[in-house]
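Understanding the architecture of this molecule
Next come the chains, spelled out residue by residue.
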Amino acid sequence: MDQSINIATEAAKNPPTELQDVLPSVDVATSLSTAQEPVVAPAASASTQLTSGKAGMDAKLQVVDENQEFTKQLDGHMKDWKLAEAGFSYDVVAVFGSQSTGKSTLLNRLFGTKFDVMNENERRQTTKGIWMSKGEDMPVLVMDVEGTDGRERGEDQDFERKSALFSIAVAEVLIVNIWEHQVGLYQGANMGLLKTVFEVNLALFLAAKEKGKVAGTSQDKTLLLFVIRDHIGATPLANLQNTLTADLNRLWDGLSKPAGLESCVITTFFDLAFVTLPHKLLQPENFESEIKGLRKRFTDPEHEGYVFQPKYHKRIPADGISQYMGTIWDAVVTNKDLDFPTQQELLAQFRCDEIANVAFAAFVEAIKAFGGSAGVGKLVKGLGVSMEQARSAALVSFDTAASRYHSGVYSRKRLELLSKLNSTLSPLFLSHLKNLHKLVLKDFRKSIQDGLKADGYDFAQVVKETTEKAEEEFRKGAKEVTLEETGWSSEETEGQLREDMVAIADLLRVEETKKMVMVIERNIKKQFAETVELSLNKPSKEMWDKILSTFKDALAKAEEAYIRKATSFNCTPTENEEALTSLRRRSWLALRAKIDEQTAESIMLVKLKLLFEDQFRYDDEGVPRVWKPEDDIDAIFKKAKEAVLALIPLYSRIAPSDPSNSFTLPSSTSVDATTPEEGEFDFPSTLIILTDTKADDLSSRFRREADAYYLEAKRSMVSSISQIPVWMYGVLVLLGWNEFIAVIRSPVYFTFLLLVSAGAYVTWHLNMTGPVIALAKGVTNEIIRTANEQLHSTPLFRSAYVLAAELTFVSPFDEQTTSTPNRPTLTPLVSTPSVCRYQ
Ligand SMILES: Nc1nc2c(ncn2[C@@H]2O[C@H](COP(=O)(O)OP(=O)(O)OP(=O)(O)O)[C@@H](O)[C@H]2O)c(=O)[nH]1
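Here the structure is a predicted model, which is why all the values come from computation and not from measurement. (Residues numbered from 1 in each chain as written. Predicted model: local features only at pLDDT ≥ 70, side-chain atom pairs only at ≥ 80, totals over all residues. Heavy atoms only, no water.)

**Thoughts on the overall build of the protein chain**
- Tallying secondary structure elements over the protein chain gives 28 helices and 9 strands in all.
- Counting across all 839 residues of the protein chain, residues that qualify as buried make up 44%.
- Partitioning the intrachain contacts of the protein chain with sequence separation of at least 6 by distance along the chain shows that 75% fall at a separation of at least 24.
- Carbon and sulfur atoms provide 56% of the accessible area of the protein chain, an area that totals close to 44700 Å². (Helix = DSSP H or I, 4+ residues; strand = E, 2+ residues; numbered from the N terminus. Buried < 20%, exposed > 50% of the residue type's maximum accessible area, 1.4 Å probe, protein only. Contact = heavy atoms within 4.5 Å. Areas by Shrake-Rupley, 256 points an atom, 1.4 Å probe, with all protein chains shown as cover.)

Okay, structure coming up:
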């Protein structure tokens, strides 16, 4: 810079002829001291500038400081500069050159940045490390790199190499700032710096090649834009360009190239462009207008010299640039092997993970809204759509940001995210299927039950239709929540549902079959009930033949009815056989129950009594007998009693007289039966109606009943022969004649008689005879009953009565009774209170 100032001062004092027009009124000395860029306190204020510059859009940031530390604030600045969401729509430019050659000034002019410019008074290095700012009104990141061969760093070229590596990694355009008069000089034209740039580029390319990349492909190239400062105009740009190109080729050829790259030329990796700028101080207007023109090459894509060609772009998404630059710088500083593909992959992994996490967090929030309402036995309406929307939103959010990164990493991370999203949704899917399974099964059961209420339903058809409907409903519901790219399947649950439906149908079929058997059983009962009653009321030898024959007919019809209906139940032959066995057994037990009902002890006694009465109390023509002394009560009684007693063995066992009418069932000893009728069954025992003990008891009770009839018959015969003789009436007249005369003669008695007669007449006349007689009878009966009770309660009377009965009415045919050693007590009979019996 000193040199250039001197030249400028010299030129100002002694301007060449071609500059005299340009600098007519400029006080050069003054200008040199005043026409500088805004001056700031240099190095000492760097950190202050860094922090203070955070907030503003135009703020600059020291991305690499003097200690070679990379900043942690680039992310924040990217956001402030509104570049974080720019994707690939941004560009990076870096400036290289010797120290104090007006690099910052150039950048400020070109991009509207506010990089510090050298303080003319101190004349010391201004830019330390690497600074970055955003171009004014353009999405361009501008990097001001510490000048080379600065005294502050001495001969140490380490930082130069590092900054070159870093700049090539991130910048599309490298501006090489040189003075015109240095063109052709090795040092002044930054040939040392460029050599470093070429070397590191070759090393990077080699690393990239190992990763399978081809030389010269997009993103491998960088534009080297030579800005030749203080161009006076004497040497045309073309000549300067030729000189520089020749120098660069010489430099390139002089490099020791890795194997396989010996023949490659400089333009394989770099595009070269050259531009001149007039002297800023001596030709300020020209300088400004040239700067304006040059600026267009950075801003106008239509410009033929537009520098930000897509082929130079490093393809680092803007939201990852901070991470990327930091990683690159770390690798550069720690002298690690640096290759862009690996760096880009690492960046892609880091960023894709970050982006995926953000997308996933939003996804989790989204599913809370509908996932929370999923409960036991409840279906979430539109769950499939909601899940799909939440998943798509997460993927779209991920794709938008992550698809800019390394495609392999992006695809891998996308799959990872998708799998994570699916795993998160999977419990909702499974719970939905479970609930769906439950509800469909519930509906299935109800639909079948409703279907079975219809008249003349066909069970198999009802089950078939309902099953199809349920399966369809389940499939529809399951499809709605089965997302694509998940590998989810509802087949297992559907299989389970099918099994459950079959189980329910089987259960209902068993129930329905039972109901059907019960209905058939009811019908069969009706059919044989009357025959059983009639036959048992009129016992005969063919009694059981009639009953069994009717039963067998009814059972045959019932079996036929079952078989006819069972076809619609889809029952298996085994089930049919079981049902028929059950039907036969139940029918037989029903017959037995009916017979038991008709042969209960009390009923049997009544039956026997009636049968006895028929023979004892009625004659052969069916006329009731009035016992007369000449009747042989004893013989008739004996005959009737024996005839009835002979019936008891007939009642005791179901035994048809004709063997063809016999009926039999297999017995069973099953202990694990679920119903009583399927349990233990001993058919032979069901043929016995009255056990021997019961039969004996019944005959004994019947005998006693018959004896009562006998006593009654005897009594009625005695009463028929004990009538009042006619002479008794004559005796009564004779004995009562005096009392009659006494009444006639006594006025009191006579008056009383008249009154009674008058009363009787009035009663007769008023037709009140009936009620008066009834009243009199009632009163009389009541008096007699009360008197009787009083009389019977006296011990004397009871003893007398027992004695009289023993002497008079002991049956000569009842050995059992007469031979009873203990003398019985006397109790009134239930059926005839006025007759007594022994106990
Ligand atoms: N002759 C001449 N001097 C210039 C020109 N532009 C800037 N200067 C002066 O050169 C001096 C250095 O300017 P800077 O912009 O700070 O240079 P630099 O290369 O950024 O300096 P460092 O950051 O310290 O490396 C300042 O005094 C400028 O006024 C120019 O076009 N021609």
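**Observations concerning the UniProt feature "binding site: GTP" (unreviewed entry) in the protein chain**
- As recorded in UniProt, the feature "binding site: GTP" (unreviewed entry) lies at G97, S98, Q99, S100, T101, G102, K103 and S104.
- One can find S98 in the loop between β2 (91–97) and α6 (103–111).
- Residue contacts for G102: discarding those within four places in its chain leaves N177 and R229. (UniProt positions renumbered as here; feature names shortened; annotations may be inferred.)

**Some details on the sheet that holds strand β6 (residues 222–229)**
- Strand order across the open sheet formed by 7 strands is β1-β3-β4-β2-β5-β6-β7, with mixed pairing between neighbours. Only two strands of the sheet have a single neighbouring strand rather than two, namely β1 (61–64) and β7 (270–276). Going from strand to strand, the sheet's axes swing by 25° on average, the running direction of each strand aside.
- Strand direction decides the pairing type here: β6 and β7, joined by 7 bridges, are parallel. For L224, the partnering residue across the bridge sits in β7 and is L272.
- In the packing of helix α9 (residues 237–254) onto the sheet, the strands contacted are β5 (173–179), β6 and β7, and the crossing angle to β7 comes to about 145°. (Pairing = 2+ DSSP bridges. Axes fitted to C-alpha atoms, helices over the stretch in contact; angles between N-to-C directions.)

**A few points about a nonpolar patch on the surface**
- On the surface, I724, V726, W727, M728, Y729, V731, L732 and L735 cluster together into a nonpolar patch covering about 880 Å² of accessible area.
- Relative to the assigned elements, V726 resides in the loop between α23 (692–721) and α24 (727–745).
- Residue class for V726 comes out exposed when judged on its relative accessible area of 69%. (Patch = residues over 30% accessible without salt bridge, like charges linked within 9 Å, V, L, I, M, F, W, Y side chains within 5 Å. Salt bridge = Lys/Arg side-chain N within 4 Å of Asp/Glu carboxyl O.)

**Digging into the packing of aromatic side chains**
- Here the structure, examined in full by the defined rule, presents 29 aromatic pairs.
- With a centroid separation of 6.1 Å and 65° between ring planes, the pair formed by F70 and F166 is classed as edge-to-face. With F70 in the loop between β1 and α5 (74–80) and F166 in helix α7 (residues 158–170), the pair connects residues that are 96 residues apart, well separated along the chain.
- On the accessibility criterion, F166 (0% relative accessible area) is buried.
- Measuring from ring centre to ring centre gives 5.7 Å for W737 and F740, while their planes differ by 35°; the resulting arrangement is tilted. Note that W737 and F740 are positioned in helix α24 at a spacing of 3 residues, about one turn of the helix.
- Taking the relative accessible area as the measure of exposure, W737 reaches 46% and is therefore partly exposed.
- An aromatic cluster is defined as three or more aromatic residues linked by ring pairs; in this entry it consists of F612, F616, W627, F637, F702, Y709 and Y710.
- Over the ring of F360 we find K420; its NZ or CZ atom is 4.2 Å from the centre of that ring. (Phe/Tyr/Trp six-rings, centres within 6.5 Å; stacked < 30°, edge-to-face > 60°. Lys NZ or Arg CZ within 6 Å of the ring centre and 35° of its normal.)

**A look at the pattern of salt bridges**
- For the coordinates displayed, the defined rule picks out 37 salt bridges.
- A salt bridge links R564 to E560; the shortest N-O distance between them is 4.0 Å. Linking R564 with E560, this pair stays in helix α17 (residues 543–566), spanning 4 residues, or about one helical turn. Like E560, R564 is exposed.
- What you see here is one network of salt bridges that share partners, running through E471, R475, E494 and R498.

**With respect to the side chain of S167**
- Mapped onto the elements, S167 comes out in helix α7.
- Beyond its immediate sequence surroundings of up to four residues, S167 is in contact with A94, F96, M143, V145 and L174.

**Description of unusual backbone geometry**
- Of note in this structure, S100 is not a glycine but carries a positive phi near 55°.
- Positionally, S100 belongs in the loop between β2 and α6.
- The phi dihedral of N767 is positive, around 60°, even though this residue is not glycine.
- Structurally, N767 is set in the loop between α25 (747–765) and α26 (769–792).
- N767 sits in the exposed class, given a relative accessible area of 64%.

**Focus on the nonpolar core**
- Residues F198, Y562 and W588 are the most contacted members of the largest nonpolar core, which totals 170 residues.
- Setting aside residues no more than four positions away along its own chain, Y562 makes contact with T513, M516, V517, I520, C571, E575, N576, A579, L580 and L583.
- V95, L107, V140 and V173 belong to the second largest nonpolar core, which has 27 residues in total. (Core = buried A, V, L, I, M, F, W, Y, C linked by side-chain atoms within 4.5 Å.)

**Focus: the packing of helix α14 (residues 407–451) against helix α15 (residues 459–481)**
- For the pair α14 and α15, the least separation of the axes is 9 Å and the interaxial angle reads 160°. It follows from the interaxial angle that α14 and α15 lie roughly antiparallel. For the pair α14 and α15, the sense of crossing is right-handed. When α14 is examined against α15, the residues F429, H432, L433, L436, H437, V440, D443, F444, S447, I448 and G451 are found in contact with a partner set consisting of V462, V463, T466, T467, A470, E473, F474, G477, A478 and V481.
- Tallied by class, the residues present in the contact of α14 with α15 amount to 12 nonpolar, 7 polar and 2 charged. (Parallel < 35°, antiparallel > 145°, perpendicular 65-115°, else oblique. Left-handed = near helix turned anticlockwise from the far one by under 90°. Nonpolar A, V, L, I, M, F, W, Y, C, P; charged D, E, K, R; others polar.)

**A look at the pairing of strand β4 (residues 140–145)**
- Across the 6 residues of β4, 6 count as buried, placing the element largely inside the fold.
- The two faces of β4 match: V140, V142 and D144 on one face and L141, M143 and V145 on the other face are all buried.
- Both β2 and β4 contribute to a ladder of 5 bridges, which runs parallel. In the sheet register, V93 faces β4, and the bridge partner there is V142.
- Relative to β4, strand β3 (residues 130–134) is paired through 5 bridges, and the arrangement is antiparallel. In the strand pairing of β4, W131 is matched with D144.
- With antiparallel pairing between neighbouring strands as the criterion, β3 and β4 make up a hairpin whose turn holds 5 residues, including D137 at a positive phi of roughly 60°.

**Details of helix α11 (residues 321–333)**
- Along its 13 residues, α11 runs 18 Å from first to last C-alpha, staying within 8% of the 18 Å computed at 1.5 Å per residue.
- Every buried residue belonging to α11 is among I321, S322, Y324, M325, G326, I328, W329, A331 and V332, and all of these are buried. (Expected span 1.5 Å × (residues − 1).)

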